Amino acid sequence: DGYNVINAWKDLSVLAEESLEHAREKLLERLSSYGAFRAMRTVVVFDAYERAGEAALEENAAVTVIFTAAGETADSYIERLAYEVVRRGETVYVVTNDWAEQMTVLGAGAYRKSARELIEDCRRARQEMEKEKRAKLDIGRSEVGSRLGKDVLEKLEQWRRQSR
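Bear in mind the structure is a predicted one, so any value in this text is a computation, not a measurement.

### Looking at the environment of Glu18
Considering the arrangement of structural elements, one finds Glu18 in helix 2 (residues 10-18). For Glu18, a relative accessible area of 67% translates into the label exposed. A sequence separation of 92 residues divides Glu18 from Ala110, and the C-alpha atoms of the two residues are 34 Å apart.

Spelled out as structure tokens, the structure:
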């Protein structure tokens, strides 16, 4: 439940007061990295906020974004999607702070996670990514690399990434 998570994530909640669109973009960036690192398919559902008409689906390699149809709540869409995915034999985690929604998806056979739990797991994943990145830098690819300072290695890594 995208808006549920935005409202629970302190900096995104503040950002949403200025620009809801920007808060959504930041959330999707974070969840894209998180999902890729955890090797999970990530689907974010937003209520049809200031929208009219049919549901909208946006997909990219990292995350699927769904805006519900006018008059449909994110909760009802999530419930339906959870039932469908569980019936296919896949594992589903639903992130919401709504207690009734948590109980409904548990009844469907999905797992529930509060927004706070997701935020904490995203923080841990970010730390693990940084640790892995540092470990790769520490290995060094040559004798010269093992003699360079961390700041020089990071600058060289930035240049390498820019040249792609």
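Now, onward.
### Details of the pairing of strand 2 (residues 56-59)
Relative to strand 3 (residues 63-67), strand 2 runs antiparallel, the two sharing four bridges. By the bridge assignment for strand 3, Ala56 is matched with Phe67. The loop that links strand 2 with its antiparallel partner strand 3 comprises three residues.

### A closer look at the pattern of salt bridges
Taken as a whole and assessed by the stated rule, the structure comprises 13 salt bridges. The closest approach of N and O atoms between Glu90 and Arg88, which form a salt bridge, is 3.1 Å. A relative accessible area of 39% means that Glu90 is categorised as partly exposed. For Arg88, a relative accessible area of 52% corresponds to the exposed category.

### A few points about the packing of helix 2 against helix 3 (residues 20-38)
It is the contact of helix 2 with helix 3, at a shortest axis distance of 6 Å, that shows an interaxial angle of 150 degrees. With respect to helix 3, the axis of helix 2 lies roughly antiparallel. Taken together, the residues of helix 3 that come into contact with helix 2 (itself represented by Asp11, Leu12, Leu15, Ala16 and Glu18) are Leu20, His22, Ala23, Lys26, Leu27 and Arg30. Broken down by class, the residue content of the contact of helix 2 with helix 3 amounts to six nonpolar, one polar and four charged.

### Some thoughts on the nonpolar core
Residues Val5, Ile6, Trp9, Leu27, Val44, Phe46 and Leu118 are the most contacted members of the largest nonpolar core, which totals 24 residues. Of all the secondary-structure elements, those providing two or more residues to this core are helix 1 (2-8), helix 2, helix 3, strand 1 (42-46), strand 3 and helix 6 (115-139). When neighbours within four sequence positions are excluded, Val44 is seen to be in contact with Gly2, Leu27, Leu28, Leu31, Val63, Thr64, Val65 and Ile66. If you look at the next biggest cluster of nonpolar residues, it comprises 11 residues, including Ile66, Ala74, Tyr77 and Ala110.

### Overview of the packing of aromatic side chains
According to the stated counting rule, one finds three aromatic pairs in the structure shown. A ring pair is formed by Tyr93 and Tyr111, whose centres lie 5.2 Å apart and whose planes are at 25 degrees; its orientation type is stacked. Of this pair, Tyr93 sits in strand 4 (residues 93-95) while Tyr111 sits in strand 5 (residues 111-113); the two residues are 18 residues apart in sequence, bridging distant segments of the chain. For Tyr93, a relative accessible area of 45% translates into the label partly exposed. Sitting above the plane of the Trp9 ring, Arg30 keeps its charged end 4.8 Å from the centroid. Taking NZ or CZ as reference, Lys113 lies 5.5 Å from the ring centre of Tyr93, over its face.

Rules of the game
- Residues numbered from 1 in each chain as written.
- Predicted model: local features only at pLDDT ≥ 70, side-chain atom pairs only at ≥ 80, totals over all residues.
- Heavy atoms only, no water.
- Helix = DSSP H or I, 4+ residues; strand = E, 2+ residues; numbered from the N terminus.
- Buried < 20%, exposed > 50% of the residue type's maximum accessible area, 1.4 Å probe, protein only.
- Pairing = 2+ DSSP bridges.
- Salt bridge = Lys/Arg side-chain N within 4 Å of Asp/Glu carboxyl O.
- Axes fitted to C-alpha atoms, helices over the stretch in contact; angles between N-to-C directions.
- Parallel < 35°, antiparallel > 145°, perpendicular 65-115°, else oblique.
- Contact = heavy atoms within 4.5 Å.
- Nonpolar A, V, L, I, M, F, W, Y, C, P; charged D, E, K, R; others polar.
- Core = buried A, V, L, I, M, F, W, Y, C linked by side-chain atoms within 4.5 Å.
- Phe/Tyr/Trp six-rings, centres within 6.5 Å; stacked < 30°, edge-to-face > 60°.
- Lys NZ or Arg CZ within 6 Å of the ring centre and 35° of its normal.

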